Amino acid sequence: MKYKRVLLKLSGEALMGQQQYGIDANRLDQYAKEIKRVHDLGLEIAIVIGGGNIFRGVQAENSGIDRVQGDYMGMLATVINGIALQSSLEKNGMYTRLMSGLEMEKVCEPFIRRRAIRHLEKGRIVIFGAGLGNPYFTTDSTASLRAIEINAEVVLKGTRVDGVYTSDPEKDPHAEKYAKITFQEVYEKGLSVMDMTAFTLCQENKLPIIVFDMNKGGNLFKVIEGEEVGTLIN
Ligand code: UDP
């Protein structure tokens, strides 16, 4: 096993599976099983989950909702996903804690850094919900900052694409995948990995990122074993 403690970032959209909206139970169960496989190795895992399958702050502006209010709606969406993920992980036999950036004590614990670390040491999977609790941020920024705070060795960004490409592989048939790339090259080539706030945080704190396809069975396991899957940014 290459890592001891990781932060896994899952987008809300990934939870939709084949659906147009919401949470696909099969997808959720599939993720729980992938996570269990690496947890069984003794890996300490923290998870940040997005909310894009339910609501995004920027969406709000189109529907006449104030941006900041919209961002709070987005944060609440991540809590909904967090509860769903928690329940699915527990059904698969793991112990978990949901910690929130917004206080909501009936549903989850508040985020307290030292407590989060203690949960991880005890083998609990920690899910960070409600992002950072501040508007104008994203769950990518949450992933970067929380990863730094808990001393994770790497941010694993599980997406639908299997890495960082020279251009958008869903549009350009000639797009080529990078196995490795530096932070500097990502800037220079204008590639998109995460939003800039999130990306800069990782760069400044020398926290590597691996972008990989979380939907492909066994990929998370391979990443943890140190196999070359997806793209490594460092
Ligand atoms: N959000 C926020 N502050 C945070 C994290 C999230 O305001 O610290 C809001 C923001 O509106 C964002 C939404 O929550 O659009 C859902 O998160 P995100 O879009 O990052 O989810 P993903 O794209 O990963 O599904």
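The rules behind each value
Residues numbered from 1 in each chain as written. Predicted model: local features only at pLDDT ≥ 70, side-chain atom pairs only at ≥ 80, totals over all residues. Heavy atoms only, no water. Helix = DSSP H or I, 4+ residues; strand = E, 2+ residues; numbered from the N terminus. Rg over C-alpha atoms; globule rule 2.2 N^0.38 Å. Buried < 20%, exposed > 50% of the residue type's maximum accessible area, 1.4 Å probe, protein only. Areas by Shrake-Rupley, 256 points an atom, 1.4 Å probe, with all protein chains shown as cover. Core = buried A, V, L, I, M, F, W, Y, C linked by side-chain atoms within 4.5 Å. Contact = heavy atoms within 4.5 Å. Arc of directions from axis to C-beta. Pairing = 2+ DSSP bridges. Axes fitted to C-alpha atoms, helices over the stretch in contact; angles between N-to-C directions. Near = heavy atom within 4 Å. Polar contact = N/O pair within 3.5 Å; in protein donor to acceptor, adjacent residues only side chain to side chain. Nonpolar A, V, L, I, M, F, W, Y, C, P; charged D, E, K, R; others polar.

Engineer: Tell me about the overall build of the protein, and name the residues and values.
Structural biologist: Each helix and strand in the protein was counted, giving 8 helices and 9 strands. Its C-alpha atoms give the protein a radius of gyration of 17 Å, within 12% of the compact-globule value 17 Å for 234 residues. A principal-axis box enclosing the C-alpha atoms of the protein has dimensions of 50 × 45 × 35 Å. Here the protein, with 234 residues, has 53% of them falling under the buried criterion. Split by element, the accessible area of the protein, about 11,300 Å² in all, is 48% carbon and sulfur.

Engineer: Could you give an account of the nonpolar core, with specific residues and numbers?
Structural biologist: The nonpolar side chains of soluble globular proteins are, as a tendency, buried together. One finds Leu8, Ile35, Ile47, Leu89, Leu156 and Phe212 to be the most contacted residues of the largest nonpolar core, which totals 33 residues. Broken down by secondary-structure element, the contributors of at least two residues to this core are strand E1 (5–10), helix H1 (25–39), strand E2 (44–49), helix H3 (67–91), strand E5 (125–129), strand E6 (154–159), strand E8 (209–213) and helix H8 (219–224). At 5 residues, the largest contribution of residues to this core is made by H1. Once you skip the residues sitting within four places of it in the chain, Ile47 turns out to touch Leu8, Leu10, Ile35, Leu85, Leu89, Ile125, Val126, Ile127 and Phe128. Listed in part, the 30 residues of the second largest apolar core include Leu7, Ala116, Phe183 and Leu207.

Engineer: Any details on helix H7 (residues 196–204)? Residues and values, ideally.
Structural biologist: Taken together, the buried positions of H7 are Ala198, Phe199 and Cys202. Buried residues along H7 cover an arc of 95° about the axis, so they all sit on one side. Phi turns positive, to about 50°, at Lys206, one or two residues after H7.

Engineer: How would you summarise the sheet that holds E5 if you had to cite specific residues and measurements?
Structural biologist: The sheet built from 9 strands is open, its strands ordered E4-E3-E5-E2-E1-E6-E8-E9-E7 with mixed pairing. Two strands close off the open sheet at either side, each with one partner strand: strand E4 (109–110) and strand E7 (180–181). Where strand E3 (residues 96–100) and E4 come together, 2 bridges link them in parallel fashion. Of the residues in E4, the one forming a bridge with Ser100 is Pro110. H1 contacts E1, E2 and E5 of the sheet and is inclined by roughly 155° relative to E2. Contacts from helix H5 (residues 139–149) reach E1, E2, E5 and E6, with the element oriented near 175° to E1.

Engineer: Summarise the pairing of E1; cite the residues concerned and give the values.
Structural biologist: Within E1, 6 of the 6 residues are buried, leaving the element largely enclosed by the surrounding structure. The two faces of E1 match: Arg5, Leu7 and Lys9 on one face and Val6, Leu8 and Leu10 on the other face are all buried. Bridge analysis of E1 against E2 gives 6 bridges, and the strand direction is parallel. Note on E2: the bridge partner recorded for Val6 is Ile45. In terms of strand pairing, E1 meets E6 through 5 bridges, oriented parallel. Looking at E6, one finds that Leu8 is bridged to Leu156.

Engineer: So what's going on with the site of the ligand? Which residues, and what values?
Structural biologist: Near the ligand you find 22 residues, and of these Arg56, Asp71, Leu132, Asn134 and Thr139 are the closest. The separation between an oxygen atom of the ligand and a polar main-chain atom of Gly57 is 2.9 Å. Contact between the ligand and Phe137: a nitrogen atom at 3.2 Å from a main-chain N or O atom of the residue. A total of 520 Å² of accessible area belongs to the ligand in isolation, and the protein chains cover 93% of it. Elements with a contribution of two residues or more to the shell around the ligand: H3 and H5. Take the shell around the ligand: its biggest share by element is 3 residues, from H3. Residue composition of the shell around the ligand, by class: 6 nonpolar, 12 polar and 4 charged.

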